[in-house]
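Structural description and commentary
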Amino acid sequence: MMFLLWVVAPLVLLALITGTGLLVERAGGHRLPGPLVLVIGFTGVVCVSQATTRFGATAPLTPFVVVAVAVAGFVVGRRRAPDPWLVALGLGVFLLYGLPAFATGEPTLLGYTNLADAAGHFVIIDQLMGNGYTVENLAPSSLRARVDELFITSYPTGSHTVLGTVRELVRVDVAWLLQPYLAMLAALIAFGLHAVLAPSVRHRALAAGVAGLAACAGLIYAYSVNQQAIKELAGLVCIVALAGVVRPLVLAPLSWRTPIPAAVATAGGIGVLSLALAPWIGPLLLITAGVLYVRSGRRLAALSWQSATFATFALVLSLPALTRAFAFVRTTNVSLTGVELGNLYAPLPFAEALGVWPSGDFRSAIPADRELAWILVGVVALGAVFGLMQVIRRRAWPVLLFAIVSVVGFAAIAGRASPWAYAKALMLLSPVALLLAGFAVVGWWEGRRRAEALALGAALIAGVAWTSALSYHVVDPAPYARFAELEEINERFDGQGPALSTEAEEFAKHFLRDLDLTNSSEGVAQGLVVPNVAVDVGFAVDLDDFSPAVLARDYRLLVVRRGPIASRPASGWERAFNGRYYDVWRRDRDAPRVLAHAPLGGRLDAAAAAPCGQVRRLAGIARVGGGRLAFAARPELAALAPGKATVTVPWPPLGLDPVTLSPVGGPGTVSGKVDIPRTGTQHVWIEASVVRELSVSVDGKLVGVVERELSPHDAATPIGTVSLEAGRHDVELVHGGGGFEPGNGGRNRLIGPVYFTPAADPAGGEVAYVEPADWRSVCGEHADWVEAVA
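The present account deals with the structure reproduced in this document. This is a predicted model, so every value here is computed, not measured. (Residues numbered from 1 in each chain as written. Predicted model: local features only at pLDDT ≥ 70, side-chain atom pairs only at ≥ 80, totals over all residues. Heavy atoms only, no water.)

**Quick word on the overall build of the protein**
Scanning the protein from terminus to terminus reveals 24 helices and 21 strands. The C-alpha radius of gyration computed for the protein amounts to 30 Å, which stays within 12% of the reference 28 Å derived for 790 residues, consistent with globular compactness. Principal-axis analysis of the C-alpha atoms places the extent of the protein at approximately 105 × 55 × 45 Å. Per-residue burial over the protein gives 59% buried out of 790 residues. Excluding contacts between residues fewer than 6 apart, the proportion of contacts in the protein whose partners are at least 24 apart in sequence is 76%. A total of about 29200 Å² of accessible surface is found on the protein, and carbon and sulfur atoms cover 61% of it. One finds the centroid of the 61 positive side-chain charges in the protein at a distance of 13 Å from the centroid of its 60 negative side-chain charges. (Helix = DSSP H or I, 4+ residues; strand = E, 2+ residues; numbered from the N terminus. Rg over C-alpha atoms; globule rule 2.2 N^0.38 Å. Buried < 20%, exposed > 50% of the residue type's maximum accessible area, 1.4 Å probe, protein only. Contact = heavy atoms within 4.5 Å. Areas by Shrake-Rupley, 256 points an atom, 1.4 Å probe, with all protein chains shown as cover. Lys, Arg positive; Asp, Glu negative; His and termini not counted. Charge placed at Lys NZ, Arg CZ, Asp CG, Glu CD.)

**Here's the deal with helix 9 (residues 204-215)**
For helix 9, which comprises 12 residues, the first-to-last C-alpha distance of 17 Å matches the rise-based estimate of 16 Å (1.5 Å per residue) to within 8%. Among the 12 residues that make up helix 9, 9 are buried, leaving the element largely enclosed by the rest of the structure. Taken residue by residue, helix 9 has Leu206, Ala207, Ala208, Val210, Ala211, Gly212, Leu213, Ala214 and Ala215 as its buried positions. Those residues of helix 9 hidden inside the fold are in contact with helix 4 (84-102), helix 8 (174-197), helix 10 (218-225), helix 18 (431-446) and helix 19 (450-473). (Expected span 1.5 Å × (residues − 1).)

**Topic: the sheet that holds strand 4 (residues 573-578)**
Spatially, the 5 strands line up as an open sheet ordered 2-1-3-5-4, and their pairing is mixed. The open sheet is flanked by strand 2 (517-519) and strand 4, the only strands paired with a single partner. Averaged over all adjacent pairs, the angle separating strand axes in this sheet is 25 degrees, with direction ignored. When strand 1 (residues 499-501) meets strand 3 (residues 557-561), the two strands line up parallel, connected through 3 bridges. Each residue of the ladder has a partner; that of Ala499, found in strand 3, is Leu557. In the packing of helix 20 (residues 480-492) onto the sheet, the strands contacted are strand 3, strand 4 and strand 5 (582-587), and the crossing angle to strand 5 comes to about 20 degrees. (Pairing = 2+ DSSP bridges. Axes fitted to C-alpha atoms, helices over the stretch in contact; angles between N-to-C directions.)

**Focus on the sheet that holds strand 13 (residues 668-676)**
Within a sheet, each strand pairs with its neighbour through backbone hydrogen bonds, oriented either parallel or antiparallel. The 5 strands lie next to each other as 10-13-18-15-16, forming an open sheet whose pairing is antiparallel. If you trace the sheet from one side to the other, it starts and ends with strand 10 (646-647) and strand 16 (701-706), each paired once. Of the pairings in the sheet, the one linking strand 15 (residues 694-698) to strand 16 comprises 5 bridges and is antiparallel in character. By the bridge assignment for strand 16, Leu694 is matched with Val706.

**Observations regarding the packing of helix 16 (residues 397-414) against helix 17 (residues 419-429)**
Geometry of a packed helix pair, given as the angle between the helix axes and the separation of the axes. Between helix 16 and helix 17, the least distance of the axes is 9 Å, while the angle of their chain directions is 180 degrees. Between helix 16 and helix 17, the angle is such that the two are roughly antiparallel. Packed against helix 16, whose contacting residues are Ser406, Val407, Phe410, Ile413 and Ala414, the element helix 17 presents Tyr422, Ala425, Leu426 and Leu429 at the interface. Classifying every residue of the contact of helix 16 with helix 17 gives 8 nonpolar, 1 polar and no charged. (Parallel < 35°, antiparallel > 145°, perpendicular 65-115°, else oblique. Nonpolar A, V, L, I, M, F, W, Y, C, P; charged D, E, K, R; others polar.)

**Quick notes on a nonpolar patch on the surface**
A surface patch of nonpolar side chains, about 370 Å² in accessible area, is lined by Val67, Val71, Val75, Val76 and Leu169. The greatest single-element share of the nonpolar patch, amounting to 4 residues, is contributed by helix 3 (residues 62-76). Tracing the chain through its elements places Val76 in helix 3. (Patch = residues over 30% accessible without salt bridge, like charges linked within 9 Å, V, L, I, M, F, W, Y side chains within 5 Å. Salt bridge = Lys/Arg side-chain N within 4 Å of Asp/Glu carboxyl O.)

**Digging into the packing of helix 5 (residues 117-131) against helix 8**
It is the contact of helix 5 with helix 8, at a shortest axis distance of 10 Å, that shows an interaxial angle of 110 degrees. It follows from the interaxial angle that helix 5 and helix 8 lie roughly perpendicular. Viewed along their axes, helix 5 and helix 8 form a crossing whose handedness is right-handed. Only Val174, Ala175 and Leu178 of helix 8 make contact with helix 5, whose side of the interface consists of Ala118, Phe122, Ile125 and Asp126. Split into classes, the residues belonging to the contact of helix 5 with helix 8 amount to 6 nonpolar, no polar and 1 charged. (Left-handed = near helix turned anticlockwise from the far one by under 90°.)

**Quick notes on the packing of aromatic side chains**
Taken as a whole, this structure holds 17 aromatic pairs when the rule is applied. Aromatic pair Phe386 and Trp444: ring centres 5.5 Å apart, planes at 55 degrees, arrangement tilted. Taken together, the positions of Phe386 in helix 15 (residues 371-393) and Trp444 in helix 18 put the pair 58 residues apart, joining distant regions of the chain. Each residue in the set Tyr112, Phe122, Trp176, Tyr480, Phe483, Phe507 and Phe511 is aromatic and connected to the rest through ring pairs, giving one cluster. If you follow Arg54 out to its NZ or CZ, it ends over the ring of Phe55, 5.8 Å from the centre. (Phe/Tyr/Trp six-rings, centres within 6.5 Å; stacked < 30°, edge-to-face > 60°. Lys NZ or Arg CZ within 6 Å of the ring centre and 35° of its normal.)

**A word on the state of the cysteines**
Disulfides are covalent bonds that connect the sulfur atoms of two cysteines. For the coordinates displayed, the defined rule picks out 1 disulfide. Of all cysteine sulfurs in the structure, the one in Cys238 sits closest to Cys216, which takes part in no disulfide; the separation is 19 Å. In this model Cys238 remains outside any disulfide bridge; the closest cysteine sulfur is found in Cys47, 8.5 Å from its own. (Disulfide = S-S within 2.5 Å.)

**Thoughts on the nonpolar core**
For soluble globular proteins, nonpolar side chains are generally found buried alongside one another. Counting residues in each nonpolar core, the largest one holds 196 residues, and the members touching the most others are Phe42, Ile489 and Phe507. Setting aside its immediate chain neighbours within four residues, Ile489 contacts Leu512, Leu515, Val559, Phe577, Tyr582 and Val584. Counting residues in hydrophobic clusters, the runner-up holds 24 residues, among them Ala638, Ile676, Val690 and Ile719. (Core = buried A, V, L, I, M, F, W, Y, C linked by side-chain atoms within 4.5 Å.)

**Details of unusual backbone geometry**
Put simply, Gly497 and Pro498 share a cis peptide bond, and its omega is 10 degrees. Along the chain, Pro498 turns up in the loop between helix 20 and strand 1. Here Arg448, not a glycine, exhibits a phi torsion of approximately 70 degrees, which is positive. You can see Arg448 is positioned in the loop between helix 18 and helix 19. Taking the relative accessible area as the measure of exposure, Arg448 reaches 65% and is therefore exposed.

**Some remarks on the pattern of salt bridges**
Side-chain pairs of opposite charge can arise where the charged atoms are in close proximity. In the structure shown here, the tally under the stated rule is 31 salt bridges. Residue Lys509 pairs with Glu506 through a salt bridge whose shortest N-O separation is 4.0 Å. The exposure class of Lys509 is buried, given its relative accessible area of 2%. The partner of Asp730 in a salt bridge is Lys673, and the shortest N-O contact between them spans 2.3 Å. Taken as a pair, Asp730 in strand 18 (residues 727-735) and Lys673 in strand 13 lie far apart in primary sequence, 57 residues in all. Each member of the salt-bridge network shares a partner with another, and the members are Asp126, Arg167, Glu168, Arg171, Asp173 and Arg513.

**Some thoughts on the side chain of Ser711**
Here Ser711 shows up in the loop between strand 16 and strand 17 (716-724). A polar contact is formed between the side chain of Ser711 and the side chain of Arg561, at a distance of 3.2 Å. Those residues in contact with Ser711, other than ones at most four positions away along the chain, are Tyr112, Arg482, Arg561, Ala688 and Ser689. (Polar contact = N/O pair within 3.5 Å; in protein donor to acceptor, adjacent residues only side chain to side chain.)

**So, the pairing of strand 12 (residues 657-661)**
The element strand 12 is extensively covered by neighbouring structure, given that 4 of its 5 residues are classed as buried. Summarising the sheet, strand 11 (residues 653-654) and strand 12 pair through 2 bridges and their orientation is antiparallel. In the strand pairing of strand 12, Leu654 is matched with Asp657.

**Focus: helix 1 (residues 2-28)**
Between its first and last C-alpha, helix 1 extends 38 Å over 27 residues, near the 39 Å set by a 1.5 Å rise per residue. Taken as a whole, helix 1 carries its principal kink of about 30 degrees at Val8; the proline Pro10 stands between one and four residues after it. Gly29 occupies a position one or two residues after helix 1 and carries a positive phi of about 75 degrees. (Bend = angle between axes of the 7 residues up to and from the residue.)

**Re the side chain of Ser697**
Relative to the assigned elements, Ser697 resides in strand 15. Among all residues touching Ser697, those that are not within four sequence positions of it are Leu702, Val703, Asp730, Val731 and Glu732.

What follows is the structure, given as structure tokens:
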């Protein structure tokens, strides 16, 4: 699959945008720079896919229409031999952005514990490509609630429909295509910057190098590998497309056709960013119109034809997005102003727009002991000033135009933006400083000041490389094996919902999209479930927190994360799937009715000895209702709580959970003792969310290792078995040191309790039933719950 994701899918997208770009170039009647053909082609694919996905009847035709447009472009377009420097530029940027994902050796998506916005991206892509802008085919579920929210707010989907088109053609789950797609968007940003830069640079290698450097600005890279920023990166592609198309437009022969590429770029940008693109489009249009007016000899008639062509094509091509634009503006006026931080720790400093910020996580400040980092930040700022002087002296007007438009667009947004929106505006601005500083290198090199050029160039490369390396170090790769199991469950139980998931896993609504799934931690906020207790969004919900009557009434399937502390469903549910990570329980049609349910157990054990008083009360209820007592026996387990054990480093507790630690600040060891109640084989589980290797040993013998296994809170993973005598045993957990694998230094990690259970199935055996008169036989049973049923 890795070959399909990282070779075939990018080549498919490359073919689509190349063919579409050639068609747009031919329609415009003038030659575009080679890299700009690809960037304009991307905006063209946005326009086509937005039009076809507008309606449910045409949405499934999207890949066929896009392919037809691309083929037409290859037939009528002016093909050209690829420039080796441009090939190196695109491939280099693509590999740098893709490295944190494909270095894991398996399909993944990044930023998993930082932000779950990609879950929303995936469900909207699923819906758009099959049904367009409607939710009528969706049953009430977390998926429908999220899609409905995005549709109601008119969230721009231009970047989504392009990714959805590629998904339809290569037939791979969209989740695994996200990182290759973001890497391709970064390469397109580099191509657009090259189109802006190249007319003013004599050396092709220098032009490619500076464009690649600017495309790898720290914030762009961070938003790709940590924020799943499908819209923001595509928006930057459209901005550089608009900036790059101005020069070919003003130099082309005066004709009504010449503005067509600019119109396509504008419409594509509106499809990606909606009217939020206006601060960038406005200055570009005014400057371009002024230049064309002067060039036409101040003949308004000549300019009017071009203006009419631009307005007509831009309006028609952007209609699918414009019909929803005003609702989006109303939404953003509320959500993107004020004090919203999103997942930021604090508002970002303006200095991050300089493109060099070696802090690891872009949301964090540069550590005080990294004086060299601040020196490199200062070098970029000073280099940008020298570069601006070179731009003016050498009359590199496309570069100056891009810088001006970027600054104006940023200023228009930043003045009233929330910290969350301000950070996005900073990201869109961030290529400018490195592009200008790189232009200083160009000017000095071509002006025979080679020593200064080499020194500044080396500093810029070092700063960008350092920033990227630290970002690579803290990425959060999603767990492929666990998500693949969810996909398997979706295929096996397709159409058998509605289902409830109790795990705090936002991506479940995508991977279980055919089960009419309610994710409990989201569903509480969406009004889809009615728990007995308050539920915090983002945390797992135990089945005992729900009324058995509500579960029996509203759901046919329960998808539960396996583990020693996950409660067994109430009477009437039979297990239909038993995987490494999940159990699926199906409601029995002949299930008894639960009259009363008494949960047992606590944080470190899902079961406890059934109190006689409670059993007697339930027996009375069963006797009155003409029913029986039911109980779910569970094996007695032992547990080591890291928060109460000996730790070699001062790892803090995870939030308010006293038994779970956050392993920050390097390697460490947790050690303690557990009391095994019975001799025999023990199955060992651990609550952990780690990338580094975490080993578990008992009495000095290695039991198992968990690594690259990020999980939500309260989720246990099986790691091995060990034969133990009854009594006290030494347990040691070793969290490894640094390494070169992606995410080795991430901060969203946890080490929770280690559990020892004598049964392979921690949920226990079958539910046992007894007559009310025999209630004493249930007293003291180590059980998950006791019920009165009829």
